[in-house]
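Each chain, written out:
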Amino acid sequence: MTIYAIIPAAGSGSRAGFRENKLLRRVGGAPVLQRTAAAFAANAQIAGIAVCVNEQDREAVRAMLAPLQNVLLVEGGETRTASVRNALEALAALPCPPDYVLIHDGARPFVTQKIIDDCISTVRQFGSAVCALPCTDTAVRAESGFIRETVPREELYTLQTPQGFAFPALLAAYRRIAESDAFTDDSGVFRRYAAPPRLFRGDPANKKLTFPEDFAVEEFRTGVGVDTHAFGAERDHIVLGGVRIPFSAGLRAHSDGDVLCHAVMDALLSAAGLPDIGHYFPDTDPQYAGADSLALLAKVRGILAGHGARIANVSASIVAEKPRLAPHIPQMKQNIARALGIAEGAVGIAAGTNEGLGYLGRGEGVTVIANALIRTVGSAEVPYAPK
């Protein structure tokens, strides 16, 4: 059974307040349409994708989707219904038309593989499959701004996409559309001219990007930081996580040598896609000689906040043959949590030896490997432009 996806993408960005097609806007570093199409291209059950585009966006869309296989660009229509009809006719003209077709809004870039798979399994069983969510709020009918009656919400659903249909039946339904007809989605066409469509459970995260606020998308990013300092400074202690730990020698460094804080800072900056601590606090700058690394860690928190990022959690593993660190870990967690403005439970610190192997096993220094998770909320970026 051959399955194609149809993605209408010939609209404009008027309701989102953009001067150009909103699907060319970048969200989280990638154009909306590219994210949407890539989700279907990644599904092994999808044989190809027909994308409905207007003439002015054709070359930009062609370049954007060039890495994807079996993409057919179809002329968009003045309405969504007209665009889908054009795509259906283009697929009907293929040497081997598909058995099923899944139609998905280009402005729903967060569709998951589970939703696509559920749509496919439902349409194979029932001949139709409409992604939907049960209505959980009280629903009413209104007249002139006043409630006329309450509608039983148990009978109500909000519809999403993808919507899947047996290809011959949907094509025949679209060919019967009259000039007086007005449809907002494909289930309406199928219901009027074919049969009642079958629903399957959708996902609230599968939202459609329509208004400006919809483009403020929260994403999670991870980063890794690694730092090493050697013993040899003339001190009677080392500093880890802002805790002074008695020892026969200090760690050699331009600042206080807090290798734990340094690794955590690099992990956070890496997650945000920013330069490392050497860029912000260079060891050639006298003002950072002997600097308190906890204070620098707090500054990194401010740098991230300035880029719209919030810290979710950090985790670090300290590798050192000596001194014994376990008794000091609770205070390290408390200090780092305070500097980052997060709960102590969001800070993980482990310590272990290197079993006598290498420079760490010989007790020549301390290495820390840190990971960080941050949340970013980004608005729609500049439109995609092919190079």
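Note that this is a predicted model, so its numbers are computed, not measured.

How each quantity is defined
Residues numbered from 1 in each chain as written. Predicted model: local features only at pLDDT ≥ 70, side-chain atom pairs only at ≥ 80, totals over all residues. Heavy atoms only, no water. Salt bridge = Lys/Arg side-chain N within 4 Å of Asp/Glu carboxyl O. Buried < 20%, exposed > 50% of the residue type's maximum accessible area, 1.4 Å probe, protein only. Core = buried A, V, L, I, M, F, W, Y, C linked by side-chain atoms within 4.5 Å. Helix = DSSP H or I, 4+ residues; strand = E, 2+ residues; numbered from the N terminus. Contact = heavy atoms within 4.5 Å. Expected span 1.5 Å × (residues − 1). Disulfide = S-S within 2.5 Å. UniProt positions renumbered as here; feature names shortened; annotations may be inferred. Polar contact = N/O pair within 3.5 Å; in protein donor to acceptor, adjacent residues only side chain to side chain. Pairing = 2+ DSSP bridges. Axes fitted to C-alpha atoms, helices over the stretch in contact; angles between N-to-C directions.

**Considerations on the pattern of salt bridges**
If the charged atoms of two oppositely charged side chains come close together, the side chains can form a pair. Going through the model one piece at a time under the given rule, you end up with 13 salt bridges. Put simply, E149 and R148 hold a salt bridge, and the shortest N to O gap is 3.9 Å. The partly exposed category is assigned to E149, whose relative accessible area is 34%. Taking relative accessible area as the criterion, R148 reaches 51% and is therefore assigned exposed. What emerges from the salt-bridge pattern is a single network uniting R80, D105, R108 and D186.

**Regarding the nonpolar core**
Ranked by internal contacts, the top residues of the largest apolar core, which has 51 residues, are L260, L268, L297 and L304. If you tally residues by element for this core, the top one is helix α7 (residues 259–271), at 10 residues. Once residues within four sequence positions are removed from consideration, L304 is found in contact with L268, L269, A272, L274, A309, I311 and I374. Core analysis: the second largest hydrophobic core is formed by 37 residues, I7, A9, I115 and A166 among them.

**Details of helix α10 (residues 329–340)**
Two residues of an α-helix separated by three or four positions point the same way, owing to the 3.6 residues in each turn. With 12 residues, α10 ought to run about 16 Å at 1.5 Å a step, and its terminal C-alpha atoms sit 16 Å apart, in line with that. When we look at burial in α10, the residues that qualify are I329, M332, N335, I336, A337, A339 and L340. At its buried positions, α10 is contacted by β13 (237–240), β14 (243–246), α7, α9 (293–306), β16 (309–319) and β17 (347–352). In the stretch just after α10, G341 is the one whose phi turns positive, near 70°.

**Quick word on the state of the cysteines**
Taken as a whole and judged by the stated rule, the model has 0 disulfides. Distance from the sulfur of C135, which forms no disulfide, to the nearest cysteine sulfur (C131) is 15 Å. We classify C135 as partly exposed; its relative accessible area is 21%.

**Side note on the UniProt feature "binding site: a divalent metal cation" (unreviewed entry) in the chain**
UniProt feature "binding site: a divalent metal cation" (unreviewed entry): in the numbering of this structure it lies at D227, H229 and H262. Sequence-wise these annotated residues cover 36 residues; spatially they are packed, their C-alpha atoms never more than 10.1 Å apart. Mapping H229 onto the fold places it in strand β12 (residues 217–233). Ignoring sequence-local partners within four residues, the contact set of H229 consists of L251, R252, A253, G257, V259, H262, G365 and V366. H262 has contacts with D227, H229, S255, D256, G257, I277 and S293, leaving out every residue within four places of it along the chain. Separated by 3.2 Å, the side chains of H262 and D227 make a polar contact.

**Description of the pairing of strand β8 (residues 139–143)**
Relative to strand β9 (residues 146–151), β8 runs antiparallel, the two being bridged by 5 bridges. Residue pairing for β9: E143 is matched across the bridge by F146. The turn linking β8 back onto β9 is made up of 2 residues, and S144 within it adopts a positive phi angle of 55°.

**Observations regarding the sheet that holds strand β10 (residues 157–166)**
In spatial order, the strands read β5-β4-β1-β6-β10-β7-β11; together these 7 strands make up an open sheet with mixed pairing. Two strands lie at the open edges of the sheet, namely β5 (71–75) and β11 (199–201), each paired on one side alone. The average undirected angle you get between the axes of adjacent strands in this sheet is 30°. The sheet contact formed by strand β6 (residues 100–103) and β10 spans 4 bridges and is antiparallel. By the bridge assignment, Y100 is partnered in β10 with A166. Lying over the sheet, helix α6 (residues 186–193) contacts β6, β7 (128–134) and β10, oriented at roughly 65° with respect to β10.

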